[in-house]
Amino acid sequence: MFDRFKEDIKAFMEHDPAARSPVEIVLLYPGFKALRSHRKAQWFLKHNMPFIARYLSQRTARKTGIEIHPGATIGRRVCIDHGSGIVIGETTEIGDDCMIYQGVTLGGTGKDVGKRHPTLKNGVMVGSGAKVLGPIVIGENSKVAAGAVVIKDVEPNSTVVGVPGRVVRIDGERVDDLDQIHLPDPVMNAIQSNLAKINELEKEINILKENIK
């Protein structure tokens, strides 16, 4: 248990450049507090005390602005940055080394039963305000850009941008976890390249027209 505690602190220190000391993280960081409280609530849920489990989760939500259902499964070294407005549903599964920013919803669509919420594999980053909805899977090391809405499965090592979320392969290029907006988008780059070429061709056509006159 103590090793897990130290592991959590180290994850926050590595992911948050504003973190100055372990004491600051333990006493002041709402994301750290929410994760620790979730583990307590999950213990009560697993020991057939759902009311106490929900009481702990709701009390933590009031204090931190982060609502994590006791039934959610959260892996090791997960980091919640700031955290205000985060909602994590009952059947959500979050793997190891994931990064979740403020305003994120890992929720359901309202039409599914049983497994209703997303699964984030190891190393996933979900940017500010992003919504990941339904029993979908976000593959390992994928990045969900700030404000994206994802309702379909995402392959590993991908980036997702836009509303609805559009999946674009990164081809192994590493993206900084702290940059939630400037994610590589090869499709948009290709479109911009084609537009530039079209503009060049239009200029050449106009020159030819002038010469013909």
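In this report, the structure presented in the accompanying data block is examined. (Residues numbered from 1 in each chain as written. Predicted model: local features only at pLDDT ≥ 70, side-chain atom pairs only at ≥ 80, totals over all residues. Heavy atoms only, no water.)

1. A short note on the overall build of the protein
We count it as follows: Only DSSP runs of H or I covering at least 4 residues are called helices, and only runs of E covering at least 2 are called strands; the numbering of each starts at the N terminus. The buried label applies to any residue whose accessible area, calculated with a 1.4 Å probe on protein chains only, is under 20% of its type's maximum; exposed applies above 50%, and partly exposed to all values in between. Contact between two residues is taken to exist if any of their heavy atoms lie within 4.5 Å; hydrogens are not considered. Under the convention used here, a 1.4 Å probe and the Shrake-Rupley method define accessible areas, while residue burial counts only the protein chains that appear.
Counting secondary structure elements, the protein contains five helices and 15 strands. For the protein, with 213 residues in total, the buried portion stands at 40%. Intrachain contacts of the protein at a sequence separation of at least 6 include 32% that bridge at least 24 residues. Only carbon and sulfur atoms are counted for the fraction: they give 57% of the accessible area of the protein, which is about 12,000 Å².

2. Focus on the pattern of salt bridges
Just so we agree on the cut-off: Any carboxyl oxygen of Asp or Glu within 4 Å of a side-chain nitrogen of Lys or Arg constitutes a salt bridge here.
Overall, the coordinates contain six salt bridges when judged by the stated rule. The partner of D8 in a salt bridge is R36, with the nearest N and O atoms 3.2 Å apart. Linking D8 in helix 1 (residues 2–15) with R36 in helix 3 (residues 30–46), this pair joins segments that are 28 residues apart in sequence. With a shortest N-O distance of 2.6 Å, D97 and R77 are connected by a salt bridge. Placement of the pair is D97 in the loop between strand 5 (93–94) and strand 6 (99–100) and R77 in the loop between strand 2 (73–74) and strand 3 (79–80), with a sequence separation of 20 residues. Since its relative accessible area comes to 34%, D97 is described here as partly exposed. Look at R77 and you get partly exposed, because its relative accessible area is 25%. Connected through shared salt-bridge partners, E7, R76, R77 and D97 make up one network.

3. Let's talk about the packing of helix 3 against helix 4 (residues 50–64)
Heads up, the condition is: A fitted line through C-alpha atoms represents every axis, and for helices the fit uses only the stretch in contact; the resulting angles, taken between N-to-C directions, go from 0 to 180 degrees. Note on terminology: angles under 35 degrees are roughly parallel, angles over 145 are roughly antiparallel, angles of 65 to 115 are roughly perpendicular, and the others are oblique. Three residue categories are used. Nonpolar comprises Ala, Val, Leu, Ile, Met, Phe, Trp, Tyr, Cys and Pro, charged comprises Asp, Glu, Lys and Arg, and polar comprises the others, including Gly.
Look at helix 3 against helix 4: their axes get within 7 Å of each other, and the N-to-C directions meet at 170°. It follows that helix 3 is roughly antiparallel to helix 4 by the angle criterion. Counted together, P30, A34, S37, K40, A41, F44 and L45 of helix 3 and P50, I52, A53, L56, S57, T60 and T64 of helix 4 form the full contact between these two elements. Partitioned by chemical class, the residues of the contact of helix 3 with helix 4 number nine nonpolar, four polar and one charged.

4. A look at the sheet that holds strand 4 (residues 87–88)
Defined as follows: Strands pair, by our definition, only if DSSP identifies at least two bridges between them.
The strand order across the open sheet built from five strands is 1-4-7-10-13, with neighbouring strands paired in parallel fashion. Both edges of this open sheet fall to strand 1 (67–68) and strand 13 (149–150), since each of them pairs with a single strand only. With two bridges joining them, strand 1 and strand 4 adopt parallel strand pairing. Within strand 4, the residue paired with I68 across the bridge is I88.

5. Observations concerning unusual backbone geometry
Put simply, V163 and P164 share a cis peptide bond, and its omega is -10°. Along the chain, P164 turns up in the loop between strand 14 (158–161) and strand 15 (166–169). Within the chain, D97 stands out as a residue other than glycine whose phi angle is a positive 60°. Its identity is not glycine, yet N157 carries a phi of approximately 55°, on the positive side. Within the secondary structure, N157 sits in the loop between strand 13 and strand 14. Take N157: its relative accessible area is 33%, and that puts it in the partly exposed class.

6. Details of the side chain of T119
Note the following rule: Pairs of N or O atoms are called polar contacts if they sit within 3.5 Å, as long as, within protein, a hydrogen donor faces a hydrogen acceptor (for residues adjacent in sequence, only side-chain-to-side-chain pairs).
Residue placement: T119 occurs in strand 8 (residues 119–120). A distance of 3.2 Å separates the side chain of T119 from the side chain of K115, its partner in a polar contact. Those residues in contact with T119, other than ones at most four positions away along the chain, are E93, I136, V137 and I138.

Worth remembering: the numbers are spatial, not functional.
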